[in-house]
Amino acid sequence: MSLGRERWLGLLLRVQPRSLRRAFGTEWMDTARARDAEAAARGIRRLVAHRAREGAGALAAGVKGRLTRGRGAEESIKREGTMGTWSLDLRYAVRSLRRAKGFTMVSVLVLGIGIAAATTIFSGVHAVLLAPLPFAEPERLVGLWERNPDFGWDQQDAAPANVLDWRERVSAFDDVAAYRGNSVGRVTWLGGGEPRSVAFVDVTGNLFDVLGVRPVLGALPTFDDTWAVGEPWAVVSHAFWTEALGGDPDAVGRTLELDGGAPRIRAVLPEGFRFPASEIDLWGPYGWAPDASDQAWFRRAHFVTPVARLAPGATVERARAELDAVALELQTEHPTLNRNMFAGLTPLRPWLAGDLAGPLRALMAAVTILLLLACVNVGNLFMARAAARSGELSMRRAIGAGRGRIVGQLMAESLLVAAGGGLIGVALSAGGIRVLERIRPLGLAGTTSIELNTAVLGFALLASLVAAVTFGLVPAFRAARGADPAHLSGHRGQAGSGASGLHRPGSLLIPAQTALAVILLLGAGLVTRSFTRTLAEEPGMDPEGVWTFTLSAPGNRYENRDAMLSFWDRVVTSLEAAPEVTRAAVTGGVPLTRSGWTSQLVVRDWEPGRLAFEVRHRAATPGYFEVMGVPLLAGRGFHSDDGLEGERVAIVNQRFVDTYLAGEEAIGRQVTFDREATENSVWRTIVGVVGDERQLTLTQPPEPEVWEPMPQDWGNTRSVVVKLGGAPSDPRAIFEEAVHRVDQRIPLIGLRTMHDVVDDASADARFLLLLFGLFAGLALLLAAVGVFGVTAQSVRRRIPELGVRIALGAGARQVQDMILRRVLALAGAGILVGVAVSLAVSGALEPLLHETSARDRVAFTVAPVILLLVALISGWLPARRASRVDPVRSLTGGG
């Protein structure tokens, strides 16, 4: 008896209960050895059948004997029970997978990649859409906003006077607070030796109470602390307290030495809280004058972001109805300032998630498809392995194993592979999360961040279990049905039938793989088309060689307009004195950063009632347009004495001329920033027209804009833009030296190139492109491997048939073409299904695309062609092997 066959028979014995192995295993092996010489002459198939019959008889006799030995033996068998069976199946699965190292490694790796991708994206989905907010009873929190069809507003910041009225009149609100959501300020902390720039935000004093946050130290401010009464105060983050203040337990009451004042610390917030942005370290009061609520600007200016806590028992629907009613009352009470001004609310989580929700849902759908594709590939491997083990499985059926036992055994192997894939997936996702954060930081307004937490690990476990069922169940049932003891009898036709039965579902794998792959490939194609068109948009300026940074001049040292303007003038002069600097300027904000402010506007000589809504405003010193490469189309730029004395002037962009002046001559026209011109209106004369910069994003067209000289719109925090000649080795050192010649205590904030600004403006589009491209690439690879594997299996099983065809005169080219036609037919069917599904759900991707239809013809043409080519290339090698089958060897069993 050969060593190989003896090991094989020993393996069959190991799957039987331990008690039967001890009692009859030796007897069966000895009998097999004794009959080996006699049975060998009958041929290998009859030998296998003979062993099966004798083995089954011996084991059956053993079972019968055990059952007649009394109640004690019966109780022993029962004690092994289901757990014993599963334990045995798992041990056998471990040994089986260990012997098939190549199969195991490939299966675990393919599944691990799919689980890693899904887990990484789920971590972002969890942080943004699912993780509990770090507030008390977050389900009672809602974000408030205003809507005005005249301005084109929807979910915009609110006027503080309106917010105060909502707070008083909407009974469904327990309380209403507000913060400056779109403007993170900067101050310089001077108490730590080296000046340190610190981010702060203005808030109403009751914000922390509304959110349900409790301090680590001190007592939180109240709503009454919102106003400019009493001494100034500040609330500090836990990080600032530990890093800057050394975790001083007596920090409460300590005065912070800031360049703009000296507030006293009222409280230290808990670790991790930095709402409404992750960089916030200080919170201070709005500091409104007590009589501000009676002034027109308090209702005209819309710059606060309100958040409300619902009263106990109040529903969102009730609060929305009451808020709508109050908004209508305010329209009646303030017909000029609140004309067509409506209000609305959104539960806080989706309100904070904002534009992140759509891309994350699309990416989650994409990785789910990728995981399914990985499962299909692993299922194909399991099916091929089951086909190769048909003899072993048939022997197990012959010796008494039921179909359920075989399914359980194969599912044990699936679970082990899924467990290995899950472990690899978690390990890879840990790195993937770090990469994801680097590509596109996620989280809700500083309240949450993506991390590998318990929920994400639970998702990975669930994905592994679902994957095990997805790729393991069908092959296990097919194998159990195909495991027929009759296949051991030596009749070739029956054996072939069994193999064919295993093969038939394999032909369905190619359409399944190509259908899933084409969906991902189409998504990547659409995102690529959109991104290409985004990058093709002109920003309206030339970023080459331009750097920008922010400076915040302390108000306690530069107390009035003249002092502040002198500071900015000296900064520009000092910068331009550096030999590396070509030109420098100061501006209210650089393009593509949502800077500036908006207002209504009236042009002199317009008929009564005519009004321009949402005109953008920025200020700049002379030289800004030269630094940024913005062309001067008509008139002149700013002069150094503009706005200081005498006539007020303005420069408008071309979009303003096209929108409001119908292409007429703009130079000399006058504008005022009022809703209705009165005798007290301040008129500004247009002295120049410049090209259009994109103010918001690359995907949003330029808006009408009015520029003012800095003396007409001055402030203490401004952006500096500098044009460098050449490429100096250390631009920061150049800029810091120039600024510190003016004031050594002012740090540079946010130094970057304008190329970086442009790149940041397309960050979301690049984020989608990178991930969709990665998923599509993996999908193509998995589809290629799957098509190759299925085709190769088909060729191996059809070797006798192919040998007959070649023996009857079929040429190598004919055989090869036959195989490839079958591959292309199956792939084409899958592609058609995938395209149909993509068309049906294309609307979900439409909001994420720029100037690209979700049914873009180019994408829907190129993606299927690429996948067909991949299928053709993947099927070519097996088809080539099929065309070289030796008919003599195939018909004599030589392969």
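As a reminder, the structure under discussion sits directly above these lines.
(A) How the structure looks around the packing of aromatic side chains. Considering all chains together, one arrives at 31 aromatic pairs under this definition. Note on Phe625 and Phe638: the rings are 6.4 Å apart at their centroids and 40° apart in plane angle, and the pair reads as tilted. Of this pair, Phe625 sits in helix H19 (residues 624-628) while Phe638 sits in the loop between strand E16 (632-635) and strand E17 (649-653); the two residues are 13 residues apart in sequence, bridging distant segments of the chain. On the basis of relative accessibility, which here comes to 8%, the residue Phe638 falls in the buried class. Put simply, the rings of Phe223, Trp227, Tyr286, Trp288, Trp297, Phe298 and Phe303 pair up and form one aromatic cluster. Between Arg167 and the ring centre of Phe223, over which it is positioned, the NZ or CZ distance is 3.7 Å. Sitting above the plane of the Trp683 ring, Arg604 keeps its charged end 4.0 Å from the centroid.

(B) Structural context of the packing of helix H6 (residues 160-169) against helix H10 (residues 316-333). It is the contact of H6 with H10, at a shortest axis distance of 10 Å, that shows an interaxial angle of 130°. The orientation of H6 with respect to H10, classified from their angle, is oblique. As H6 runs across H10, the sense of the crossing is right-handed. Of the residues in H10, those in contact with Asn162, Asp165, Trp166 and Arg169 of H6 are Leu323, Val326, Glu329, Leu330 and Glu333.

(C) Fine view of the pairing of strand E1 (residues 141-148). Burial of E1 is extensive: seven of the eight residues sit out of reach of the surface. Pairing analysis gives three bridges linking E1 to strand E10 (residues 305-310), with the strands arranged antiparallel. Considered in E10, the bridge of Val142 is made with Ala308. Bridge count between E1 and strand E2 (residues 153-156): two bridges; the pairing is antiparallel. Its bridge partner being in E2, Glu146 is matched across the sheet by Gln156. The turn linking E1 back onto E2 is made up of four residues, and Gly152 within it adopts a positive phi angle of 75°.

(D) Broad picture of the pattern of salt bridges. In total, this model carries 31 salt bridges according to the counting rule given. In this structure, Arg167 engages Asp175 in a salt bridge whose closest nitrogen and oxygen atoms are separated by 2.7 Å. For Arg167, a relative accessible area of 23% translates into the label partly exposed. Since its relative accessible area comes to 15%, Asp175 is described here as buried. Here the salt bridges share partners, and the residues they tie into one network are Glu137, Arg140 and Asp174.

(E) Seen up close, unusual backbone geometry. The omega torsion across Phe275 and Pro276 is 5°, close enough to zero to call that bond cis. Tracing the backbone shows Pro276 in the loop between strand E8 (264-268) and strand E9 (280-285). The residue Gln155 is not glycine, and still its phi comes out positive at about 60°. Structurally, Gln155 can be placed in strand E2. A positive phi is found at Asp605, a non-glycine position, where the angle reads about 85°. Looking at where Asp605 falls in the secondary structure, it is placed in the loop between strand E14 (597-603) and strand E15 (612-620).

(F) Looking closely at the side chain of Asn653. Summarising the element assignment, Asn653 is placed in strand E17. The class for Asn653 is buried, based on a relative accessible area of 1%. Within the local environment of Asn653, its side chain forms a polar contact with the backbone nitrogen of Phe656, the two atoms lying 3.0 Å apart. There is a polar contact of 3.3 Å between the side chain of Asn653 and the side chain of Asp692. In this structure Asn653 touches Val689, Val690, Gly691, Asp692, Gln695, Glu703, Pro704 and Glu705, once residues within four positions along its chain are discounted.

(G) Fine view of the nonpolar core. Counting residues in each nonpolar core, the largest one holds 80 residues, and the members touching the most others are Leu111, Ile121, Leu363, Phe471, Phe772 and Phe775. Mapped onto this core, the elements with two or more residues apiece are helix H5 (101-130), helix H12 (357-388), helix H14 (403-439), helix H15 (454-482), helix H17 (506-536), helix H23 (763-797), helix H25 (812-841) and helix H26 (857-883). Once residues lying within four places of it in the same chain are set aside, the contact partners of Phe772 are Ala362, Leu363, Ala366, Gly523, Ala524, Val527 and Leu845. If you look at the next biggest cluster of nonpolar residues, it comprises 32 residues, including Val142, Ala292, Ala311 and Leu345.

(H) Structural context of a nonpolar patch on the surface. Side chains of Leu824, Val865, Leu868, Leu869, Leu872 and Ile873 sit close together on the surface and give an oily, nonpolar patch of about 480 Å² of accessible area. If you tally residues by element for the nonpolar patch, the top one is H26, at five residues. Among the structural elements, Leu872 can be located in helix H26. A relative accessible area of 31% places Leu872 in the partly exposed class.

Analysis parameters
Residues numbered from 1 in each chain as written. Predicted model: local features only at pLDDT ≥ 70, side-chain atom pairs only at ≥ 80, totals over all residues. Heavy atoms only, no water. Phe/Tyr/Trp six-rings, centres within 6.5 Å; stacked < 30°, edge-to-face > 60°. Helix = DSSP H or I, 4+ residues; strand = E, 2+ residues; numbered from the N terminus. Buried < 20%, exposed > 50% of the residue type's maximum accessible area, 1.4 Å probe, protein only. Lys NZ or Arg CZ within 6 Å of the ring centre and 35° of its normal. Axes fitted to C-alpha atoms, helices over the stretch in contact; angles between N-to-C directions. Parallel < 35°, antiparallel > 145°, perpendicular 65-115°, else oblique. Left-handed = near helix turned anticlockwise from the far one by under 90°. Contact = heavy atoms within 4.5 Å. Pairing = 2+ DSSP bridges. Salt bridge = Lys/Arg side-chain N within 4 Å of Asp/Glu carboxyl O. Polar contact = N/O pair within 3.5 Å; in protein donor to acceptor, adjacent residues only side chain to side chain. Core = buried A, V, L, I, M, F, W, Y, C linked by side-chain atoms within 4.5 Å. Patch = residues over 30% accessible without salt bridge, like charges linked within 9 Å, V, L, I, M, F, W, Y side chains within 5 Å. Areas by Shrake-Rupley, 256 points an atom, 1.4 Å probe, with all protein chains shown as cover.

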